Amino acid sequence: MSASAVKTTCPYCGVGCGVNLSSRASNRVVPPVSGDKSHPANFGRLCVKGSSLAETITPKGRLLQPMINNKTVTWEAATDAISAKIKQVTEEFGPDAFAFYLSGQILTEDYYVANKLAKGFIGTANVDTNSRLCMASAVVGYKRAFGSDTVPCSYEDLELCDLLIMVGSNAAWTHPVLFQRISAAKAKRPDMKIVVIDPRRTATCDIADLHLSLKPGTDAAIFSYLLQDSAHEHLLDAEFVCTHTEGFDQALAQAEQSTPTLEATADFCGLAADSLLQLRDWWRSTPKTVTFYSQGVNQSSSGVDKCNAIINCHLATGRLGKVGAGPFSITGQPNAMGGREVGGLANQLAAHMDFATPGAIDLVQRFWQAPNMATENGLKAVDMFNAIEAGDIKVLWIMATNPMVSLPNTAQVKRALEKCELVIVSDYKMGTDTSAFADILLPATGWSEKDGTVTNSERRLSRQRGLLPPAGEAKHDWQAICDVATKLGFGEAFNFKGPHEIFAEHAALSGFENDGKRDFDISAFESITKQEYDALVPVQWPVNKANPQGTARMFTDKRFFTPSGKARFVPITPALPKQLPNDEYPFTLNTGRVRDQWHTMTRTGDAASLSRHLAQPFIEIHPEDAQSQGIKDKTLVKVFSPYGRALLKAKVTDAVAKGSVFVPIHWTQQFSNASIVSALIPSEVDPLSGQPESKHARVTLEPFKQVKYGSIVSEVPLDLSDCLYWCAVTSDHGYRYEVVWPTEMPIKAFKDRFARLLPKTAQWVEYTNPHNQQIRLAGVTKDRLKLVVYISDNPMVATTDWLTSMLAPKQTLTEMDRMALLVGTPANVEDKGEIVCACFQVGTKQINQAVEGGARSPEALGKTLKCGTNCGSCIPELKTLIASNKETAV
Ligand SMILES: Nc1nc2c(c(=O)[nH]1)N[C@H]1C(S)=C(S)[C@@H](COP(=O)(O)OP(=O)(O)OC[C@H]3O[C@@H](n4cnc5c(=O)[nH]c(N)nc54)[C@H](O)[C@@H]3O)O[C@H]1N2
Ligand SMILES: Nc1nc2c(c(=O)[nH]1)N[C@H]1C(S)=C(S)[C@@H](COP(=O)(O)OP(=O)(O)OC[C@H]3O[C@@H](n4cnc5c(=O)[nH]c(N)nc54)[C@H](O)[C@@H]3O)O[C@H]1N2
Ligand code: SF4
Ligand SMILES: [Mo]
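Everything quoted here is computed from the prediction, not taken from an experiment. (Residues numbered from 1 in each chain as written. Chains lettered and ligands numbered in written order. Predicted model: local features only at pLDDT ≥ 70, side-chain atom pairs only at ≥ 80, totals over all residues. Heavy atoms only, no water.)

A separate point is the site of ligand 3. In the vicinity of ligand 3, the contacting residues are C10, Y12, C13, V15, G16, C17, L46, C47, K49, G50, P176 and V177. Elements that contribute at least two residues to the shell around ligand 3 include exactly α1 (48–51) and α8 (176–188). Partitioning the shell around ligand 3 into residue classes produces nine nonpolar, two polar and one charged. (Near = heavy atom within 4 Å. Helix = DSSP H or I, 4+ residues; strand = E, 2+ residues; numbered from the N terminus. Nonpolar A, V, L, I, M, F, W, Y, C, P; charged D, E, K, R; others polar.)

Structure, rendered in structure tokens:
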């Protein structure tokens, strides 16, 4: 059997880790994938999502052929239909009747051709992307300050700084390999200080010296205060401020007015004065400071101002363009940066030029030889979907994003998609919440099949390399776009033989008439050959004649890309979220990510090992709020906002503050009937960036009374649409569901309902416990388990891994197994409890036992159980379990 191997880049987060991938002639990837030791982002490390990649490369659920109205068609027919409709609507209504809605998960080459087709050839700037929901505020923040969208820092600055302020980032779960690098640096230099600013206590707080649990949305005030304090304490880098910046006086005057004192600031932010004092003292005494910020900052109706409040502090103290210092916006998606570079946002043109950049439209037109240049900004995501609902946009091409789950106010998104005359969805999966609204579905190649480049959060270009052939008739996204472009009559400009030719053109445009005027310049690659492209090693842009080996740090020369060459201070007035709690909706809803799932679960949702950490959608509620609302841990809660509702399991915890609740973003209608958190989120956006305020909504909570909780394990998938609530949990064998039924349903009704699914030879074994109202039913044949249903008045913690393992094809049923099925606990099989370490599948019960046995540190636990010794993502949770064990021991 012949094997082949490539070095590629992880398709998940913006850390951009290098991955070694190998395959056999059977066209399957050989697990496990490993970290690439030579890649400067991760030096061989991977997190649990990265190390589980092989499990997610599965033919299951792949979209294999183009479809029109759910009927399989040829690519020829699909691209004919698309180009004909684009022609018709653009001729009749103008180019803006067409729009692309793209994604930070397509490759730079895909992005480049989409942007070129729309902005240069069809003639519309209606090219927006899910990056609007992600880093649009960070982009505008940088541009206001630096005149360019430039991330100044490198990952090593996170290790070399003396003070790291992490704002609105749960990097322990969302950028785990960076978090490991930071943890290792701190272990080596315990004097390095880490501050986490987040209303929630997260796994990231595990390494923090200080956690500021601020009132949601109040971050700008902290930095406004630090600015005025720096000025009064003579911490300013006066030479830098005078010579290389402008607007300082106005920014300072505003800061003095907005945040006159420490006490006033602490009060605004809901912080204890001494915790803010601690941050201030460290800020005062630590020149090597990095502020690392993410969605807790960006996803806000004043997100851009928050970014500039942070950058102002770094400019004032000259803490940027230096080793171990800078305002570092971390990007989420693997290629959000690549999208920014090609100009794949509605308010960008191309190659870090805007429509407003003098001469840019003409420059790009000449470079592209474009017949129909767009001349002004297009519509940003939320406005775009409003325009679709209004009927102004008539053809929408969605690529690699799932707006029915990720855009705010999903009820509006649904109305827009229903109204749109032609919705094209390019995805590599068959059934997504968005593809349900597609008129035309285009099958895309996925990671391990695709070839191209991505840029990570530190401006580092890396190759994603394909290894497997395309599944079915899947095509690369860039190819699909070029096919349509050709049918629209633009064949000559889209006649690329491979991604290397697209990359070379993109590189040439970045250097075209640039002469140092624009930050983004990779002109060193303008003549790259296929061989060179295939051998490309990770490198940080700019990569040009002046910097042939790339550039680790920007602004070391103190020259900025504004007309004056000076960086700009921006006066900031701290603002609160738009929709604050009120009598009707008394809770603040915060949203975000969990450790082992990626976005809308179209990939991580396929891996059983990734589903065990947090199996069901949940809502974190403070114990006092739970009590006042009559909500018990693990029970089902109805959550209402003015925009929609969701059903979620309560997780009662003091990690959230009183008055706040937290819900993860991942669960879709493919996994649960009513758990999409974006259904609750308003379409409030930042006026400058258009980024939605996805972290702040208002909601009300209601317990679900008079229900029965069920756990089901089945050999075949089940239709559970008659349940009040259902959630599917991916397992290695068969299908697992958690459900909720109305109390009135009698046991006979259950049996009748499920008996229909069983073969004639099957029989029911059952057990009813009259004391606790538990019912246990198992449908078995002579030697096989077909179905198990456990029902109880209270939420159960069933040993479900064991139950699903009973469905394994080779399993035969002994008498003891049948007994065990009814008792609900396995005979002779260890019950691990909830899985904490996904790499080695180690659960809470095992960990607690080991802690009681004397393993009082993550290292000791690692020695006994191996947990935490591979990717390390579970170490914060191990520490929590150790701590809670100590507490109970006391
Ligand atoms: N496991 C996993 N990792 C991922 C992803 C994933 O889906 N799963 N997605 C990737 C993507 S695209 C992105 S954008 C990144 C996002 O990475 P992060 O931004 O780290 O992730 P989030 O969980 O969205 O939000 C971070 C934190 O912001 C906090 N927050 C909420 N409101 C406020 C506030 O007002 N102020 C402050 N200071 N904090 C606040 C939340 O409590 C939360 O802990 O993650 C990337 N990595
Ligand atoms: N409430 C709330 N909402 C949020 C957020 C939040 O924190 N809170 N975060 C926001 C952020 S930061 C982000 S980035 C978004 C993410 O939200 P989405 O972009 O909607 O989520 P994904 O699941 O990543 O969607 C990617 C889709 O593309 C498909 N796909 C993967 N690779 C390819 C490919 O190469 N080609 C094609 N054609 N398809 C592919 C996948 O199967 C999947 O269907 O959610 C945003 N929405
Ligand atoms: S940290 Fe994890 S998800 Fe992010 S790129 Fe690295 S391996 Fe992939
Ligand atoms: Mo994101």
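What follows deals with the site of ligand 2. If you check the shell around ligand 2, you find 32 residues, and the closest are Q105, N130, S406, D427 and T600. Interatomic distance of 3.3 Å between a backbone N/O atom of A400 and an oxygen atom of ligand 2. Here a nitrogen atom of ligand 2 and a side-chain polar atom of R593 are 3.1 Å apart. Protein chains bury 98% of the 920 Å² of accessible surface belonging to ligand 2 in isolation. Class assignment for the residues of the shell around ligand 2 results in ten nonpolar, 17 polar and five charged. Here the shell around ligand 2 spans two domains, since at least three of its residues come from each of domain 2 (68–132 + 338–457 + 469–507) and domain 4 (587–703). (Polar contact = N/O pair within 3.5 Å; in protein donor to acceptor, adjacent residues only side chain to side chain. Areas by Shrake-Rupley, 256 points an atom, 1.4 Å probe, with all protein chains shown as cover. Domains from an automatic or database assignment.)

This part covers the sheet that holds strand β27 (residues 707–714). Strand order in the open sheet formed by six strands is β28-β29-β27-β32-β31-β30, with antiparallel pairing between adjacent strands. At either margin of the open sheet sits one strand with a lone partner, and together these are β28 (725–729) and β30 (763–769). Strand-to-strand twist in this sheet, taken as the mean axis angle between neighbours without regard to direction, amounts to 15 degrees. Judged from the six bridges that link them, strand β31 (residues 774–780) and strand β32 (residues 785–792) form a sheet pairing that is antiparallel. (Pairing = 2+ DSSP bridges. Axes fitted to C-alpha atoms, helices over the stretch in contact; angles between N-to-C directions.)

Side chains of strand β13 (residues 326–329) alternate between two faces, with G326 and F328 and P327 and S329 buried alike. As defined by bridge partners, strand β12 (residues 289–293) adjoins β13 across four bridges and the pair is classed as parallel. The partner of F292 across the bridge, within β13, is F328. (Buried < 20%, exposed > 50% of the residue type's maximum accessible area, 1.4 Å probe, protein only.)

On to unusual backbone geometry, then. Both trends apply: most residues other than glycine have a negative phi, and most peptide bonds are in trans. Here the residue pair W541 and P542 is connected by a cis peptide bond, since its omega of 0 degrees sits within 30 degrees of zero. Its location among the elements puts P542 in the loop between β19 (539–540) and β20 (567–568). A positive phi angle, near 55 degrees, is found at Q369, a position not held by glycine. Note on placement: Q369 falls in the loop between α17 (360–368) and α18 (381–389). We classify Q369 as exposed; its relative accessible area is 62%. The backbone phi angle of A400 is positive, close to 60 degrees, even though this residue is not glycine. Within the secondary structure layout, A400 lies in the loop between β14 (395–399) and α19 (403–406).

Here S294 shows up in the loop between β12 and α14 (295–298). Here S294 is in contact with V167, G168, S169, H175 and I330, once residues within four sequence places are set aside. (Contact = heavy atoms within 4.5 Å.)

So, on to the pairing of strand β22 (residues 618–621). With burial as the criterion, each face of β22 is covered, one bearing F618 and E620 and the other bearing I619 and I621. As paired strands, β22 and strand β25 (residues 660–664) are joined by two bridges and run antiparallel to one another. Bridge pairing in β25 places E620 opposite F662.

Another aspect to go through is the packing of helix α4 (residues 108–122) against helix α21 (residues 477–490). The description of two packed helices rests on the angle between their axes and on the distance between the axes. Interhelical geometry of α4 versus α21 gives an angle of 20 degrees and a closest axis separation of 8 Å. Judged by the inter-axis angle, α4 sits roughly parallel to α21. Crossing of α4 against α21: the hand is left-handed. Counted together, E109, D110, V113, A114, L117, F121 and I122 of α4 and D477, W478, I481, C482, A485, L488 and F490 of α21 form the full contact between these two elements. Residue classes in the contact of α4 with α21 are distributed as eleven nonpolar, no polar and three charged. (Parallel < 35°, antiparallel > 145°, perpendicular 65-115°, else oblique. Left-handed = near helix turned anticlockwise from the far one by under 90°.)

Evaluation of the coordinates by the stated rule reveals 21 aromatic pairs. For the pair Y142 and F146, a centre-to-centre distance of 5.5 Å together with 20 degrees between the ring planes defines the contact as stacked. Of this pair, Y142 and F146 both sit in helix α5 (residues 136–146), four residues apart, roughly one helical turn. Owing to a relative accessible area of 0%, Y142 belongs among the buried residues under this scheme. The class of F146 is buried, set by a relative accessible area of 0%. Taken together, a centroid distance of 5.1 Å and an interplanar angle of 70 degrees make the contact between F248 and F569 edge-to-face. Of this pair, F248 sits in helix α11 (residues 248–258) while F569 is found in the loop between β20 and β21 (587–592), placing the two residues 321 residues apart along the sequence. Here F248 falls in the buried class, since its relative accessible area comes to 11%. The structure contains a cluster of three or more aromatic residues connected by ring pairs, namely Y142, F146, F240, F555, F560 and F561. Sitting over the face of the ring of F93, K394 holds its NZ or CZ atom 4.4 Å from the ring centroid. (Phe/Tyr/Trp six-rings, centres within 6.5 Å; stacked < 30°, edge-to-face > 60°. Lys NZ or Arg CZ within 6 Å of the ring centre and 35° of its normal.)

Let us now look at the nonpolar core. Grouped together as the largest cluster of nonpolar side chains are 108 residues, with contacts concentrated most on L164, I197, I222, F223 and L279. It is helix α9 (residues 219–232) that contributes the most residues to this core, eight residues altogether. (Core = buried A, V, L, I, M, F, W, Y, C linked by side-chain atoms within 4.5 Å.)

The interhelical angle for the contact between α17 and helix α22 (residues 499–511), taken along N-to-C directions, is 145 degrees, at an axis separation of 11 Å. For the crossing formed where α17 meets α22, the hand is right-handed. Together, L363, F367 and W368 of α17 and E505, A508 and L509 of α22 make up the contact between the two elements. Within the contact of α17 with α22, the residues separate by chemical class into five nonpolar, no polar and one charged.

Our focus in this paragraph is the domain arrangement of the protein. The domain architecture assigned to the protein consists of domain 1 (3–56), domain 2 (68–132 + 338–457 + 469–507), domain 3 (136–329), domain 4 (587–703), domain 5 (707–823) and domain 6 (835–889). Averaged C-alpha coordinates put domain 1 and domain 5 at centres separated by 37 Å.

What follows covers the pattern of salt bridges. Counted under the stated rule, the structure contains 50 salt bridges. Across the pair E421 and K85 runs a salt bridge, and its minimum N-O distance is 2.8 Å. Within this pair, whereas E421 is found in the loop between α20 (410–419) and β15 (422–427), its partner K85 is found in helix α3 (residues 75–93), the two being separated by 336 residues in sequence. Residue E418 pairs with K414 through a salt bridge whose shortest N-O separation is 3.4 Å. Placement of the pair is E418 and K414 together in helix α20, with a separation of four residues, close to one helical turn. The partly exposed category is assigned to K414, whose relative accessible area is 37%. Sharing partners across several salt bridges, the network here consists of D451, R463, K530 and D534. (Salt bridge = Lys/Arg side-chain N within 4 Å of Asp/Glu carboxyl O.)

Enumeration according to the criterion identifies zero disulfides in this entry. No disulfide involves C723; its sulfur sits 12 Å from that of C727, the nearest cysteine. For C723, a relative accessible area of 7% translates into the label buried. (Disulfide = S-S within 2.5 Å.)

Right, let's get into the sheet that holds strand β8 (residues 163–167). Read across the sheet, five strands follow the order β10-β9-β8-β12-β13 without closing on themselves; strand pairing throughout is parallel. Each of the sheet's edge strands pairs with one partner strand only, and the pair in question is β10 (210–212) and β13. Mean inter-strand twist for the sheet, computed between neighbouring axes without regard to direction, equals 15 degrees. Against the sheet, helix α15 (residues 303–316) engages β12 and β13, with an angle of about 170 degrees to β12.

So, on to helix α12 (residues 262–269). Burial in α12 covers these residues: L262, T265, A266 and C269. Each buried residue of α12 sits inside an arc of 100 degrees when the element is viewed along its axis, so together they form one side. Facing away from the buried side of α12 by over 90 degrees, the exposed positions are E263 and D267. Against α9 and α13 (273–285) lie the buried residues of α12. (Arc of directions from axis to C-beta.)

What follows is about the environment of K695. In this fold, K695 is placed in the loop between β25 and β26 (697–703). Overall, the relative accessible area of 10% leaves K695 in the buried class. For the pair K695 and G824, spaced 129 residues apart in sequence, the C-alpha to C-alpha distance is 40 Å. With sequence-adjacent residues up to four places away left out, K695 is seen in contact with Q295, G296, Q299, L589, N590, T591, G592 and R593. Within the structure, the side chain of K695 is placed 2.7 Å from the side chain of Q299, a separation counted as a polar contact.

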